[in-house]
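# Coordinate analysis (summary)
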Amino acid sequence: MTIHGGDGAGTDGVDWDAEAAAFDEEPDHGLRDPRVRAAWAARLRTWLPGRPGDVLDLGCGTGSLSLLAAERGHRVTGVDRSPAMVALARRKLAGRDAVFLVGDATAPPVGEERYDAVLVRHVLWTLPEPDRALRHWRDLLRPGGRLVLVEGVWGAVSPVGIPADRLTALLAPLGGRVGVERLSGDAALWGRDVDDERYAVVAVPD
């Protein structure tokens, strides 16, 4: 969940380089609790392609979801603007078929590479032009590839995030198939009960 300006400074005002060392302490970041880890692994099995392929994890943070994808046999490229996060991800996936790059999730430094899935968790809501990012991510897919977008709306007093209906509307111009999976009711994913809106969208654009 790290989309940043220069020098690790987030568009949400957070210095993610400074936050990196403690980032994995959140249950759904570090996936250190076996139940939380198993819950995310089960979801990724259904969201990502069934056969091993190439997965681009944007805003990859410390690489926890990248690791789950790699364990399913996928070849993973992770991108994060925070050098500290990227260093932790490289350490976490040492020896795996994975590469991690410092870069902007909205314009990942992957050249002409194309992917079977683009995985993005808790990034889109921070972007000033989410529709533009979605179009670019669509262009990074191989034919039949999919966008896997995990998002939500957090907080009761001053909520932040992107509602599922807005995200599906943003995806509509890309055509293809769009499915929404509600995640708020699965406490295992978060390590606790939550009452805000959390969901995943799997889109296979035309």
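Predicted model only: the values in this text are computed from it and were never measured. (Residues numbered from 1 in each chain as written. Predicted model: local features only at pLDDT ≥ 70, side-chain atom pairs only at ≥ 80, totals over all residues. Heavy atoms only, no water.)

### Some thoughts on the overall build of the chain
We apply this condition: In this text, helices come from DSSP runs of H or I with a minimum length of four residues, and strands from runs of E with a minimum of two, each type numbered from the N-terminal end. Between the two quantities, the radius of gyration covers C-alpha atoms and the globule rule is 2.2 Å times the number of residues to the power 0.38. Buried, partly exposed and exposed residues are distinguished by accessible area as a fraction of the type maximum, computed with a 1.4 Å probe on protein chains only: under 20%, between the cut-offs, and over 50%, respectively. A contact between two residues is defined here by any heavy atoms of the two lying within 4.5 Å. Positive: Lys, Arg. Negative: Asp, Glu. His and the chain ends are not part of the count. All charge positions are set by atom: Lys at NZ, Arg at CZ, Asp at CG, Glu at CD.
Across its full length, the chain carries 8 helices and 8 strands. Taken over C-alpha atoms, the radius of gyration comes to 16 Å for the chain, in line with the 17 Å a tight globule of 206 residues would show. The principal-axis extent of the C-alpha atoms belonging to the chain is close to 40 × 40 × 35 Å. Expressed as a percentage of the 206 residues in the chain, the buried residues total 50%. Sequence separation of 24 or more characterises 62% of the internal contacts of the chain that already satisfy a separation of 6 or more. Side chains of the chain carry 25 positive and 31 negative charges; the gap between the two charge centres is 6 Å.

### Points about the pairing of strand β2 (residues 75-80)
Put simply, the rule reads: Two strands make a pair as long as DSSP finds a minimum of two bridges between them. A crossover gets the label right-handed when its path from the first strand over the helix to the second runs clockwise, viewed with the strands pointing away from the viewer.
Burial runs high along β2: 5 of the 6 residues are buried. Alignment of strand β1 (residues 54-58) against β2, held across 5 bridges, turns out to be parallel. Bridging from a neighbouring strand, V55 pairs with V76 of β2. This β-α-β element, β1 to helix α4 (residues 64-71) to β2, shows right-handed connectivity. Note: β2 against strand β3 (residues 98-102), 5 bridges, orientation parallel. Within the sheet, the bridge partner assigned to T77 lies in β3 and is V99. Taken together, β2, helix α5 (residues 83-92) and β3 constitute a β-α-β crossover, and its handedness is right-handed.

### Examining unusual backbone geometry
A positive phi angle, close to 55°, is found at L31, a residue other than glycine. Tracing the sequence through the fold places L31 in the loop between α2 (27-30) and α3 (34-47). Using a relative accessible area of 4% as the deciding quantity, one classes L31 as buried. The phi torsion at H122 lies on the positive side, around 60°, for a residue other than glycine. With a relative accessible area of 4%, H122 lands in the buried category.

### Remarks on the pattern of salt bridges
Applied cut-off: By salt bridge we mean one thing: a side-chain nitrogen of Lys or Arg within 4 Å of a carboxyl oxygen of Asp or Glu.
Scanning the model with the defined rule gives 16 salt bridges in all. A salt bridge links D33 to R35; the shortest N-O distance between them is 3.0 Å. D54 is the partner of R142 in a salt bridge, and the nearest nitrogen-oxygen pair spans 2.8 Å. With R142 in strand β5 (residues 141-154) and D54 in strand β1, this pair connects stretches of sequence that are 88 residues apart. Using a relative accessible area of 31% as the deciding quantity, one classes R142 as partly exposed.

### Re the packing of helix α6 (residues 130-139) against helix α7 (residues 164-171)
Here is the rule: Every angle, taken between N-to-C directions, lies between 0 and 180 degrees, and every axis is a line fitted to C-alpha atoms, over only the stretch in contact when it is a helix. In this scheme, roughly parallel covers angles under 35 degrees and roughly antiparallel covers those over 145, while 65 to 115 is roughly perpendicular and the rest are oblique. Less than a right angle of anticlockwise turn of the near helix away from the far helix marks a crossing as left-handed, whereas a clockwise turn marks it as right-handed. Classification used: nonpolar for Ala, Val, Leu, Ile, Met, Phe, Trp, Tyr, Cys and Pro, charged for Asp, Glu, Lys and Arg, polar for all others including Gly.
One can describe the packing of α6 onto α7 by two numbers: an axis separation of 10 Å at closest approach and a directional angle of 55°. Comparing the axis directions of α6 and α7 gives the class oblique. Along this stretch, α6 crosses α7, giving a crossing that reads as right-handed. For the pair α6 and α7, contact is made by P130, D131 and L134 and by R166, L167, L170 and L171, respectively. When the residues that make up the contact of α6 with α7 are grouped by side-chain class, the tally is 5 nonpolar, no polar and 2 charged.

### Quick look at the packing of α3 against α4
The N-to-C vectors of α3 and α4 enclose an angle of 60°; their axes lie 10 Å apart at closest approach. Here α3 is positioned oblique relative to α4, judged by the angle of their axes. Crossing of α3 over α4 shows right-handed handedness. The segment α3 lies against α4, with R37, W40, A41 and L44 engaging L65, L67, L68, A69 and E71.

Such coordinate-based values are descriptive only and should not be taken to indicate function.
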